[in-house]
Each structure stands twice: as structure tokens, then as C-alpha cells.
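# Structure assessment
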2 protein chains.
Amino acid sequence: GPLKEVLFFPSTQTCLEHLFTPNSSFPCRCPLPHGKETSFSRLLRHLLSARASLDLCVFSFSHMELCRTILLLHERGVTVRVVTDRDYMTITGSQIGTLRRAGICVRHEMSTAVHMHHKFAIVDGKKLINGSLNWTVTAVQSNKENIMVTEEPELVRPYRLEFQKLWEANDPA
Amino acid sequence: GPLKEVLFFPSTQTCLEHLFTPNSSFPCRCPLPHGKETSFSRLLRHLLSARASLDLCVFSFSHMELCRTILLLHERGVTVRVVTDRDYMTITGSQIGTLRRAGICVRHEMSTAVHMHHKFAIVDGKKLINGSLNWTVTAVQSNKENIMVTEEPELVRPYRLEFQKLWEANDPA
Ligand SMILES: [Zn+2]
Ligand SMILES: [Zn+2]
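Residues numbered from 1 in each chain as written. Chains lettered and ligands numbered in written order. Predicted model: local features only at pLDDT ≥ 70, side-chain atom pairs only at ≥ 80, totals over all residues. Heavy atoms only, no water.

### Comments concerning the packing of aromatic side chains
Tallied over the full model, the rule gives ten aromatic pairs over all chains. Consider the rings of Phe8 of chain A and Tyr159 of chain B, whose centres lie 5.3 Å apart with planes at 75°: the pair is edge-to-face. Of this pair, Phe8 of chain A sits in strand E1 (residues 4–9) while Tyr159 of chain B sits in helix H6 (residues 153–169), which puts the two residues in different chains. According to the relative accessible area criterion, Tyr159 of chain B is buried, its value standing at 0%. Seen in terms of ring centroids, Phe120 of chain B and Tyr159 of chain B are 5.1 Å apart; in terms of plane orientation they differ by 75°. Their pairing is edge-to-face. In this pair, Phe120 of chain B is assigned in strand E5 (residues 119–123) and Tyr159 of chain B in helix H6, connecting sequence segments 39 residues apart. Just as Phe120 of chain B is buried, Tyr159 of chain B falls in that class too. Through successive ring pairs, a cluster of aromatic residues spans Phe8 of chain A together with Phe120 and Tyr159 of chain B. Looking at Arg107 of chain A, its charged tip hangs above the ring of Trp167 of chain A, at a distance of 4.1 Å from the centre. (Phe/Tyr/Trp six-rings, centres within 6.5 Å; stacked < 30°, edge-to-face > 60°. Helix = DSSP H or I, 4+ residues; strand = E, 2+ residues; numbered from the N terminus. Buried < 20%, exposed > 50% of the residue type's maximum accessible area, 1.4 Å probe, protein only. Lys NZ or Arg CZ within 6 Å of the ring centre and 35° of its normal.)

Next comes the structure, spelled out in C-alpha cells:
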């Protein structure tokens, strides 16, 4: 059947340099463990598998390696769209400003009374990543969290429609 | 294929009395809309479908109708186990104390440095409910939230194992 993968957090910290620079011919000399697959490295691999588009709906986004991942996809020509929460986008450490300055389209929940609490991503319109995990260091490295990754069309389609609805509803133009 | 259902929130407020007292022969006279299915009524139906067990992992639990649902399952003889967050179980409006006083087994994350941020439930060991939705009125009635309900064994199994792990790790005995 279609891809179904479940990842639990916290994830142990390992070197992720090989995911960002896969063609480097020099072995990394940083002090973190190398060559170990973790929940977080699996998440990065799924995000970095994007070829055409990444649609991201996330309440809180302060994780710098996830920010680097999104910037790298944008540089590669992947169309990235982000919907986020109005209040959380301006908290200390939020990476939303960095994304905007890099030219990535970010929209936020317009209503002041409502939180945009989703935490899902859709890769190339066909792979859904969804769960409890916000894009923060605390979520990745400390909390009990989960995400599921699936290409089941019956599960992906409703999230694709919901993303489109939120994207259009929060058009600032 | 196995059940796959996706529900988005906020949900509109409707009368849910018929779900709690299905055999009542008197029509409800409350002012809320009747006979309308919503994301929230779907969620209640899935929870109330439990015959043998309900395993619940939830960060924040203050929603009184969800509390009533859990109490009703407990009264019916369904084995209910709850794992929750240490800090959030004591906030104002939390229903965790009500569950404990009714004799339901509740365990909480023991570590003070870590949040138990999951929001999933497993009905009869075979139906998984998972997403961004905390069990609060704000989540149900205001926020942009999602849950997916599935009986895909490949998705349900990892959550069953994770629940068992958290249950055993947080045994206070
Ligand atoms: Zn390294
Ligand atoms: Zn009524």
C-alpha cells in the first residue's frame, strides 16, 4: 500500500550535515553522532524529498534546522507556501521573519480571536506529514510528540483542500 | 480499505444530547440546533463506539462534554486509561481531577522538564484518533485544528505501542 510511517519524539540529537550537503566529499568533524537515523532526520528527509511544492501549516516555527530546510527547498526552486499563527509568528526566536525576508510566501491567520493550531505539511501535493509536533527545539528534543507520514490519497486530499481554504481565506491583498 | 476519516475544526455548536441518551423518547427542547452532524459530533460518535477499551493521551483536557463522554464509557464498563501532561492537569478547568474521582486511571508525565504533548486516542485497540486538537472548548469551537480517524493497522499499531510505553514509564507505583 501507499507510504505509512509514524515517528515519535523526542528525537536524539545527531549530525544532519549530510542531509543538507549530500555531495560533500569531506567527512564532517563536528562533535555530534554521525550516520544515525532518528525521528528528526527522517522528518528532514521527507521534507527534503520535495521537488515541486511544499505547503506548510504550522502554529509555532522557531527551529533553525527546519528553517534551513525550508530555505534550501526555496533555493532549489520548490514552491513553498506557509500558513502560520498570528500571535506566535512574532515571538522571540520565530523563524517566520527569516522565511519572509528570503522571499517565501507566508500568510497568517487574520482573525485575532482564533489560533491556527495545525501542524501539517504536504510535500509535492501527495505526501502528508501530520501530528502534534510544532517546529520548535522543545518539541523535537524534549516533548512527547508524534507525526505520521502518509501518501494515502484519502488522507492527503482533505488536508490539501484545507490548506487551499486557509491560504485563500488569509490572503492579505 | 480500512476506515479513514478527516475532521477539521472549529466545529459549530449543536445539541449532542441524542448521543448521550440515545434511547430517550422525548425530543430535546434546548435552544441549540438539532439533528446536524458536525466535526465534534463525529468525534463523540467515534469515542462512544468504544466497547472494551479507550486509551487516551492528551496534553490539555478541560472540555466538559468530552469529560462526560469518558465518564459514560467508564460507567458502561469500558476500560479507560488516560496519560496527560503534568503541568496542564492542574490548570483551571482541567477535567483530570473529575476523571480520577470517578475511578478512572490517569497517569501523567513524571518528568518536570518535558511536556506530554500528544493528542491521540485509541478505541478498542483498533481505531486511532490523532491530530492537533486538545480537549478544550477553544480547540473545538475556535481554533483551526484537525484530527484523522483511521483503522489502518500500520498506523494504529505504532500508537498502541507508544501508549503502552508511556503508560509503563509513568507508573507511579
Ligand atoms: Zn557532523
Ligand atoms: Zn437539545
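Structure's up, so let's keep going.
### Focus on the coordination of the zinc ion (ligand 1)
All names here are of chain A. Distances from the zinc ion (ligand 1) to its protein donors, namely Cys15 (SG), Cys28 (SG), Cys30 (SG) and His34 (NE2), fall within the range 2.1 to 2.3 Å. Seen from the zinc ion (ligand 1), its four donor atoms lie at angles of 101 to 113°, and the figure they make is tetrahedral. Counting the intervening residues between successive donors of the zinc ion (ligand 1) yields the motif C-x12-C-x1-C-x3-H. With Cys15 in the loop between E1 and helix H1 (17–20) and Cys28 in the loop between H1 and helix H2 (39–48), this pair connects stretches of sequence that are 13 residues apart. (Donors = N, O, S within 2.8 Å, 3.2 Å for Na, K, Ca; no water. Tetrahedral: all angles 85-135°; square planar, octahedral: opposite > 155°, others 65-115°.)

### Focus on the environment of Ala113 of chain B
Along the chain, Ala113 of chain B falls in the loop between strand E4 (105–108) and E5. Taking the C-alpha atoms as reference points, Ala113 of chain B and Asn134 of chain B, separated by 21 residues in sequence, lie 20 Å from one another.

### With respect to helix H3 (residues 64–75) of chain B
Residue and element names in this part refer to chain B. In a regular helix each residue adds 1.5 Å, so twelve residues correspond to 16 Å; H3 covers 16 Å between its end C-alpha atoms and thus fits that length. Listed in full, the buried residues belonging to H3 are Leu66, Cys67, Thr69, Ile70, Leu72 and Leu73. Structurally, H3 contributes buried residues whose contacts are with helix H1 (17–20), helix H2 (39–48), strand E2 (53–58), strand E3 (79–84) and helix H4 (96–101). With its phi angle positive at about 95°, Gly77 sits one or two positions after the end of H3. (Expected span 1.5 Å × (residues − 1). Contact = heavy atoms within 4.5 Å.)

### Description of the pattern of salt bridges
Tallying each qualifying case throughout the model produces 20 salt bridges over all chains. A salt bridge links Arg81 of chain A to Asp55 of chain A, with the shortest nitrogen-to-oxygen separation between them at 2.9 Å. With Arg81 of chain A in strand E3 (residues 79–84) and Asp55 of chain A in strand E2 (residues 53–58), the pair connects residues that are 26 residues apart, well separated along the chain. Per residue, the accessibility class of Arg81 of chain A equals that of Asp55 of chain A, and both read buried. Its salt-bridge partner being Glu109 of chain B, residue Lys144 of chain A comes within 2.8 Å of it at the nearest N-O pair. (Salt bridge = Lys/Arg side-chain N within 4 Å of Asp/Glu carboxyl O.)

### A closer look at the relation of the copies chain A and chain B
Rotating chain A by 180° about the axis while translating it 0.0 Å along that axis superimposes it on chain B, leaving an RMSD of 0.0 Å. Look at the turn and shift together and you get a two-fold axis relating the two. A symmetric contact is evident, with 100% of the interface residues of chain A recurring at the interface of chain B. (Least-squares fit on C-alpha atoms with pLDDT ≥ 70 in both.)

### A short note on the interface of chain A and chain B
Across the boundary between the two partners, chain A contributes 30 residues, which contact 30 residues of chain B. Surface buried jointly by chain A and chain B totals about 2800 Å² across both partners, of which 61% is contributed by carbon and sulfur atoms. For the interface between chain A and chain B, the tally reads 20 residue pairs in polar contact (both at pLDDT 80 or more). For the side of chain A that touches chain B, the secondary structure elements donating two or more residues are E1, strand E5 (119–123), strand E6 (127–131), strand E7 (145–150) and helix H6 (153–169) of chain A. Examining the composition of the side of chain A that touches chain B, we find that six residues originate from one element, H6 of chain A, more than from any other. When its residues are assigned to classes, the side of chain A that touches chain B shows twelve nonpolar, ten polar and eight charged. (Buried area = accessible area lost by both parts, 1.4 Å probe. Polar contact = N/O pair within 3.5 Å; in protein donor to acceptor, adjacent residues only side chain to side chain. Nonpolar A, V, L, I, M, F, W, Y, C, P; charged D, E, K, R; others polar.)

### Some details on the pairing of E4 of chain B
Regular strands have side chains that alternate between both faces of the sheet. Note that E3 of chain B and E4 of chain B share four bridges and pair parallel. Counterpart to Thr84 of chain B in the pairing with E4 of chain B is His108 of chain B. (Pairing = 2+ DSSP bridges.)

### Thoughts on the coordination of the zinc ion (ligand 2)
All names here are of chain B. Here the zinc ion (ligand 2) is held by Cys15 (SG), Cys28 (SG), Cys30 (SG) and His34 (NE2), and the distances to it run 2.0 to 2.3 Å. If you look at the zinc ion (ligand 2), its four donor atoms make angles of 101 to 113° with each other, and the shape they trace is tetrahedral. The sequence motif formed by the donor residues of the zinc ion (ligand 2) is C-x12-C-x1-C-x3-H. Residue classification places Cys28 among the partly exposed positions, given a relative accessible area of 34%. In this structure His34 comes out as partly exposed when scored by relative accessible area, which is 38%.

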